[in-house]
Amino acid sequence: MFRIGQGFDVHQLTEGRPLIIGGVTIPYEKGLLGHSDADVLLHTIADACLGAVGEGDIGRHFPDTDPDFKDADSAKLLEEVWRIVKEKGYRLGNVDCTIIAQKPKMAPYIEPITKRVAELLEGNADQVNVKATTTEKLGFTGRGEGIAAQAVILLEKI
Ligand SMILES: Nc1ccn([C@@H]2O[C@H](COP(=O)(O)O)[C@@H](O)[C@H]2O)c(=O)n1
Ligand SMILES: C[C@@]1(CO)OP(=O)(O)OP(=O)(O)OC[C@H]1O
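The structure displayed is predicted, hence computed values, not measured ones.

A.B. asks: Residue-level account of the UniProt feature "site: Transition state stabilizer" (unreviewed entry) in the protein chain, with values.
C.D. replies: Cross-referencing UniProt, the feature "site: Transition state stabilizer" (unreviewed entry) maps to His 35 and Thr 134 in the present numbering. On the basis of their most widely separated C-alpha atoms, the annotated residues across 100 residues do not gather in one place, lying as much as 25.2 Å apart. Note that His 35 resides in the loop between strand E4 (31–33) and helix H1 (40–52). For His 35, a count of 16 C-beta atoms within 10 Å corresponds to the partly exposed category. Not counting chain neighbours up to four residues away, the residues in contact with His 35 comprise Asp 64, Phe 69 and Lys 70. Looking at the element boundaries, Thr 134 is found in the loop between strand E6 (128–133) and helix H5 (139–142). With 15 C-beta atoms packed within 10 Å, Thr 134 lands in the partly exposed category.

A.B. asks: An account of the UniProt feature "binding site: a divalent metal cation" (unreviewed entry) in the protein chain is requested, with residue identities and associated values reported.
C.D. replies: According to UniProt, the positions carrying the feature "binding site: a divalent metal cation" (unreviewed entry) are Asp 9, His 11 and His 43. These annotated residues cover 35 residues of sequence, and their C-alpha atoms all fall within 10.1 Å of one another, placing them together at a single site. Judged by the 22 C-beta atoms lying within 10 Å of it, His 11 is buried. Residues in contact with His 11, not counting those within four places in the same chain, are Leu 32, Leu 33, Gly 34, Ala 38, Val 40, Gly 146 and Ile 147. As for its placement among the helices and strands, His 43 is situated in helix H1. Residue His 43 is classed as buried on the basis of its 29 C-beta neighbours within 10 Å. Apart from residues lying up to four places away in sequence, His 43 is in contact with Asp 9, Ile 58 and Ser 74.

A.B. asks: Can you break down unusual backbone geometry residue by residue, with the values?
C.D. replies: The residue after Lys 103, namely Pro 104, is reached through a cis peptide bond having omega 0 degrees. By the element assignment, Pro 104 lies in the loop between strand E5 (90–100) and helix H4 (110–120). For Glu 136, which is not glycine, the phi dihedral falls at a positive 55 degrees. Looking at the secondary structure, you find Glu 136 in the loop between E6 and H5. Taking the C-beta count within 10 Å as the criterion, Glu 136 has 9 such neighbours and is therefore assigned exposed.

A.B. asks: Describe in detail the site of ligand 1, supporting the description with residues and values.
C.D. replies: Every residue lining ligand 1 is accounted for by Ala 101, Lys 105, Met 106, Ala 107, Ala 132, Thr 133 and Thr 134. Across the shell around ligand 1, the residue classes break down as 4 nonpolar, 2 polar and 1 charged.

A.B. asks: Lay out the nonpolar core in plain terms, naming residues and giving numbers.
C.D. replies: The biggest cluster of nonpolar side chains holds 44 residues, and the ones touching the most others in it are Ile 45, Val 95 and Ile 99. When residues of this core are traced back to their parent elements, those giving at least two are strand E2 (19–21), H1, helix H3 (74–87), E5, H4, E6 and strand E7 (146–157).

A.B. asks: Describe H3, and please don't skip the residues or the numbers.
C.D. replies: Between the first and last C-alpha of H3 there are 20 Å, a value that for 14 residues agrees with the 20 Å anticipated at 1.5 Å per step. Every buried residue of H3 is accounted for by Ser 74, Leu 77, Leu 78, Val 81 and Val 85. Seen from one end, H3 has its buried residues packed into an arc of 95 degrees, which puts them on one side. Turned more than 90 degrees from where H3 packs its buried face, Arg 83 and Glu 87 sit exposed. If you follow the buried residues of H3, they end up packed against H1, helix H2 (58–61), E5, H4 and E7. Directly beyond the C-terminal end of H3, a positive phi value near 90 degrees is found at Gly 89.

Cut-offs used in this document
- Residues numbered from 1 in each chain as written.
- Chains lettered and ligands numbered in written order.
- Predicted model: local features only at pLDDT ≥ 70, side-chain atom pairs only at ≥ 80, totals over all residues.
- UniProt positions renumbered as here; feature names shortened; annotations may be inferred.
- Helix = DSSP H or I, 4+ residues; strand = E, 2+ residues; numbered from the N terminus.
- Buried ≥ 20, exposed ≤ 12 C-beta atoms within 10 Å, placed from the backbone.
- Contact = placed C-beta atoms within 7 Å.
- Near = placed C-beta within 6 Å.
- Nonpolar A, V, L, I, M, F, W, Y, C, P; charged D, E, K, R; others polar.
- Core = buried A, V, L, I, M, F, W, Y, C linked by C-beta atoms within 7 Å.
- Expected span 1.5 Å × (residues − 1).
- Arc of directions from axis to C-beta.

Structure follows, in structure tokens:
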């Protein structure tokens, strides 16, 4: 049996924060703003996982009003989400993600991000695909005001 889930998330770019995407710190003049470390890709993947197993979303599991999650490492949040997925008897089929960012150029970081996501979902790199796109300078992503990410995940019943 298979379950499918999708995720979408957006965070604002601001000065004075590190840019962390997919668990990888990327050198850039701005970082993402959030209650946690604002890792837009890991949040998106966590939401896709939770959606696939009918467990709501990350805000329900890790409220942004809870001081425990202030500046939280989103890898730890995804590990917790993955524990729920495994508890329900699923393993990774594959996950396909898109990072929507005008800048910075993501290409040099796609491989380390893919490896990290595979590690967090206890799969292999060939089960994880990470893409990036600009929005051709259109909209909030195009103006460099924020970064968005989306993901679709397929889980297989063990
Ligand atoms: N932040 C980004 C955005 C895009 N890329 C790569 O460039 C290719 C072309 O992007 P378009 O938005 O013009 O279609 C895209 O397919 C990515 O390979 C990137 O590395 N970083
Ligand atoms: C991750 C959480 C919790 O720290 O906070 P943020 O970093 O603000 O991220 P968001 O994607 O807005 O929603 C989930 C939150 O509850």
